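Each chain, letter by letter, is given below.
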Amino acid sequence: MGDWTAEAVRRVKDDQDAVHRLFPVAARRGGPSARRALLRHVDAATVVALYRNGDAGERLAVLDALAELDLGDAALPLVEDALRTNDARLVTAALGPYGARTLDDHAYRQGVLKCVFMSIPLDRLAGLDERFDAELARMLTAYADERRAAGRPVPSDVLERI
């Protein structure tokens, strides 16, 4: 941990509200892992606030760190929010380890299908092998059938799954 990050973590441990000033500049001043280091020292409500008030980079940092934080289901609304965006980075991060573990079957399947529509490679999704079921196979098969009927190619990673 670099000097800036170590000092920022110390400040957040002393006063959790300091994270609201430090988190936005953390990546620039402390490097790529600085935001993750700060998130380890705040409560669930603060993690949610940082996501809600953050720009796309800050939201991505929160989503990427969720699996390492002990938040239970408290961050599930953040994952659901990210799945409603059209930012491929956020959608992919939403289906990371935390999302794969906490989303219900329906929401996870819908997220996978959204990734297919957004041309996000399926190998970037956490838990797909474990969560793949007959209903997801049916959904992907229907998607492939529609693509073929329209004379369009079916992504190879979809074909490998059905």
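Everything below is about the structure shown above.
Attention here is on the structure that accompanies the text.

## Re unusual backbone geometry
Both trends apply: most residues other than glycine have a negative phi, and most peptide bonds are in trans.
Working step 1: Phi is positive for Ser119, which is not a glycine, with a value near 60°.
Working step 2: Exposure remark for Ser119: the relative accessible area of 63% places this residue in the exposed category.

## Describing the packing of helix H4 (residues 44-53) against helix H6 (residues 76-83)
Working step 1: Where H4 contacts H6, the axes come no closer than 10 Å and their chain directions differ by 20°. Considering their axes alone, H4 and H6 lie roughly parallel with respect to each other. Every pair of crossing elements has a handedness; the one defined by H4 and H6 is left-handed. Every residue of H6 that contacts H4 at Val47, Val48, Tyr51 and Arg52 is listed here: Pro77, Leu78, Asp81 and Ala82.

## Structural notes on the pattern of salt bridges
Working step 1: Applying the stated criterion across every chain yields a total of 13 salt bridges.
Working step 2: The salt bridge involving Glu68 is made with Arg36; its shortest N-O contact spans 2.8 Å. Taken together, the residues span a long stretch of sequence, with Glu68 in the loop between helix H5 (56-65) and H6 and Arg36 in helix H3 (residues 34-39) at a distance of 32 residues.
Working step 3: Given the relative accessible area of 44%, Glu68 is considered partly exposed.

## Observations concerning helix H9 (residues 105-117)
Working step 1: Under the 1.5 Å per step criterion, the end-to-end length of H9 is 19 Å for 13 residues, consistent within 8% with the ideal 18 Å.
Working step 2: Buried residues of H9: Tyr108, Arg109, Gly111, Val112, Leu113, Lys114, Cys115 and Val116, and no others.
Working step 3: At the N-terminal end of H9, a side-chain oxygen is found 3.2 Å from the backbone nitrogen of His106, two or three residues along, and the residue is Asp104.
Working step 4: Ser119 sits one or two residues past H9 and shows a positive phi near 60°.

## Points about the packing of H5 against H6
Working step 1: For the pair H5 and H6, the least separation of the axes is 11 Å and the interaxial angle reads 130°. It follows that H5 is oblique to H6 by the angle criterion. Crossing handedness for the pair H5 and H6: left-handed. Here Arg59, Val62 and Leu63 of H5 lie close against H6, whose contacting residues are Leu78, Val79, Asp81 and Ala82.
Working step 2: Residue classes in the contact of H5 with H6 are distributed as five nonpolar, no polar and two charged.

What counts as what
Throughout, a residue's number is its position along its own chain's written sequence, starting from 1. Per-residue local features of the predicted model are confined to residues with pLDDT of at least 70, and side-chain atom pairs are confined, for both listing and counting, to 80 or more; whole-chain, interface and lining totals are unaffected and use all residues. By convention in this description, side-chain values take in all heavy atoms of the structure and omit both hydrogens and water. Here the term buried applies to any residue with accessible area under 20% of the maximum for its type, exposed to any over 50%, and partly exposed to those in between, with areas from a 1.4 Å probe on protein chains only. Orientation is described by lines fitted to C-alpha atoms, with helices fitted over the stretch in contact, and by angles between N-to-C directions that extend from 0 to 180 degrees. Helix and strand assignments come from DSSP, with helices taken as H or I runs of at least 4 residues and strands as E runs of at least 2, each series counted from the N terminus. The scheme is simple: roughly parallel for angles under 35 degrees, roughly antiparallel for over 145, roughly perpendicular for 65 to 115, oblique for anything else. Two helices cross in a left-handed way if the nearer one is turned anticlockwise from the farther one by less than a right angle. They cross in a right-handed way if the turn is clockwise. Contact definition: two residues touch when any of their heavy atoms are within 4.5 Å. Take a side-chain nitrogen of Lys or Arg and a carboxyl oxygen of Asp or Glu: if they are within 4 Å of each other, that pair is a salt bridge. Helix span, expected: 1.5 Å multiplied by one less than the number of residues in the helix. Polar contact is the term for a pair of N or O atoms within 3.5 Å; when the atoms are in protein, one must be able to donate a hydrogen and the other to accept it, and sequence-neighboring residues count only if both atoms are side-chain atoms. Amino acids are sorted into nonpolar (Ala, Val, Leu, Ile, Met, Phe, Trp, Tyr, Cys and Pro), charged (Asp, Glu, Lys and Arg) and polar (every other residue, Gly among them).

Geometry only, nothing functional implied.
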